[in-house]
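Fold and contact review
These are the residues of each chain, in order.
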Amino acid sequence: MKKVLIIGAGGVGQVVAHKCAQNPEVFGEIMLASRTESKCKAIAAQLSRPIQTAQVDADNVPELVALINSYKPDLVMNIALPYQDLTIMDACLETGVDYLDTANYEPLDEAKFEYKWQWAYQERFKQRGLMALLGSGFDPGVTNVFSAYAQKHHFDEIHQLDIIDCNAGDHGYPFATNFNPEINIREVTAKGRYWERGEWVETDPLSWSMNFDFPAGIGPKKCFLMYHEELESLVQNLKGIKRARFWMTFSDNYLNHLKVLENVGMTRIDEVEHNGQKIVPIQFLKTLLPDPASLGPRTKGKTCIGCLIKGVKDGKPRTYYVYNICDHQEAYREVQSQAISYTTGVPAMIGGMMMLTGKWKQPGVWNMEQMDPDPFMEKLNLHGLPWQETFLEG
Ligand code: NDP
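Residues numbered from 1 in each chain as written. Predicted model: local features only at pLDDT ≥ 70, side-chain atom pairs only at ≥ 80, totals over all residues.

A word on the overall build of the protein chain
- Counting its secondary structure elements, the protein chain contains 14 helices and 18 strands.
- Since a compact globule built from 394 residues should have a radius of gyration of about 21 Å, the 20 Å found for the protein chain is in line with a globular shape.
- The dimensions of the protein chain, computed from C-alpha atoms along their principal axes, are 55 × 55 × 40 Å.
- Sorting the 394 residues of the protein chain into buried and exposed places 47% on the buried side.
- Taking the intrachain contacts of the protein chain between residues at least 6 apart in sequence as the baseline, contacts between residues at least 24 apart amount to 70%. (Helix = DSSP H or I, 4+ residues; strand = E, 2+ residues; numbered from the N terminus. Rg over C-alpha atoms; globule rule 2.2 N^0.38 Å. Buried ≥ 20, exposed ≤ 12 C-beta atoms within 10 Å, placed from the backbone. Contact = placed C-beta atoms within 7 Å.)

Have a look at this one:
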């Protein structure tokens, strides 16, 4: 009977709790802990079997250590925010427990995400015989596994990778973000960056776009080049890669609102003085925006996230597209969350399943593409995120 401690009771944490509860043969006992315990209790009340809940401040290592020592989990799943990655990793090292997350560390005072802080834990995790699995969401996460699967089964060398993320859903609000607004807006307003012939090329935020014709009736949509964290590890781990890019669709409505918010300073991440009080505009904006967890019942439509890969197999050029389609309403019917949280929470559960069942078990700090993709790909089909693949001309 394995025990798991899930930290974070937001949109994604809710899905992770549902999916772990659906699989008692792997996740024998579950504790959901977060800053606000009432949110954990509200999620627990939705589940088909009882789980424990707790309050924890995940910025505080001694508090985390005390909770982990009292519950004694086999795995800690960090579904809080990127700011908590290092404190939770520290607590795991101190208590001797494996670690998993869905997003790489980001300092609170700088909109800059990078793996260097977490990769620096490699030796300490190895020496302790512990495993840390980084980025077990959809992107990063499934996109890394898709790439590893392509490399293993369909290519001798991968030359070009385009990760294309489309949310064709509509929540009916003039402006809302599908996951934590602060993290989302920091990511979208950052400079774009892609990998070309051995170096990073920087672009102005959302200045490059392309049209892509999505499957499953979604049709053509405009996609914008962005920097995304999985590119950093994938360019190191894919053999022969010459170019790697990440694209995301945004509606004109979303982009217009974002431009105005940026122009008036509402997306700033530094402190400003307001009526004798210090506030951080982007945090205030988060308070005003709809809670991503509340979008579930309103969001209709589909998401399509996949990898378009070009390379060589047996001396011949090949183009391969592997993707998942997820329906917002179906996700909501199953776990009371929209598809963005669903497509993140399901892979987090599967990553945990890989670790707890010993399919993926290797001391050290690992990105998803460094593991055998096959058992993970099989579980995607069984647990709500079936994938499809196609070979394209050209
Ligand atoms: P939410 O903001 O909805 O939830 C975050 C949760 O973490 C909240 O319950 C919050 O508590 C809790 N939390 C924040 N700070 C602390 C703290 N110091 N101690 C304890 N708990 C804390 O975010 P999401 O659920 O949308 O996102 C969760 C994670 O998933 C993020 O890291 C995000 O970047 C990642 N993500 C990854 C994706 C992928 O594909 N890889 C895609 C989408 C998201 P409170 O309720 O009190 O605020």
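Side note on the domain arrangement of the protein chain
- Segmenting the protein chain into domains produces domain 1 (3–134) and domain 2 (142–337 + 386–392).
- Here the C-alpha centroids of domain 1 and domain 2 sit 24 Å apart.
- With 14 residues of domain 1 in contact, the opposing surface of domain 2 contributes 14 residues.
- Its residues assigned to classes, the side of domain 1 that touches domain 2 shows seven nonpolar, six polar and one charged. (Domains from an automatic or database assignment. Nonpolar A, V, L, I, M, F, W, Y, C, P; charged D, E, K, R; others polar.)

Remarks on the site of the ligand
- Looking at the ligand, there are 33 residues lining it, with Gly10, Val12, Ala58, Gly137 and Phe179 nearest.
- Per-element tally for the shell around the ligand: the top contributor is helix α1 (residues 11–21), with three residues.
- Of the residues that constitute the shell around the ligand, the class distribution is 15 nonpolar, 13 polar and five charged.
- Residue-level mapping places the shell around the ligand at the junction of two domains, with at least three residues from each of domain 1 (3–134) and domain 2 (142–337 + 386–392). (Near = placed C-beta within 6 Å.)

Focus: the nonpolar core
- Core analysis: the biggest nonpolar cluster contains 103 residues, and Ile6, Ile7, Val16, Leu32, Val76, Met77 and Ala132 have the highest contact counts within it.
- Leave out the neighbours within four places in its chain, and Ala132 touches Met89, Tyr99, Tyr121, Phe125, Val365 and Trp366. (Core = buried A, V, L, I, M, F, W, Y, C linked by C-beta atoms within 7 Å.)

Overview of the sheet that holds strand β3 (residues 52–55)
- Taken in spatial order, the seven strands make up an open sheet running β3-β2-β1-β4-β5-β6-β17, and their pairing is parallel. Each edge of the open sheet carries a strand with a single partner, namely β3 and β17 (364–367). Averaged over all adjacent pairs, the angle separating strand axes in this sheet is 20°, with direction ignored.
- As defined by bridge partners, strand β1 (residues 3–7) adjoins strand β2 (residues 29–34) across five bridges and the pair is classed as parallel. Paired with Leu5 across the two strands is Met31, which belongs to β2.
- Contacts from α1 reach β1, β2 and β4 (75–78), with the element oriented near 170° to β2. (Pairing = 2+ DSSP bridges. Axes fitted to C-alpha atoms, helices over the stretch in contact; angles between N-to-C directions.)

What to know about the pairing of strand β16 (residues 316–327)
- When strand β15 (residues 302–313) meets β16, the two strands line up antiparallel, connected through twelve bridges. Its bridge partner being in β16, Leu308 is matched across the sheet by Tyr321.
- The antiparallel hairpin formed by β15 and β16 contains two residues in its connecting segment, where Asp314 sits at a positive phi of about 50°.
- In this sheet, strand β18 (residues 387–392) lies alongside β16 in antiparallel orientation, the contact comprising six bridges. Along β18, the bridge assignment pairs Tyr323 with Gln388.

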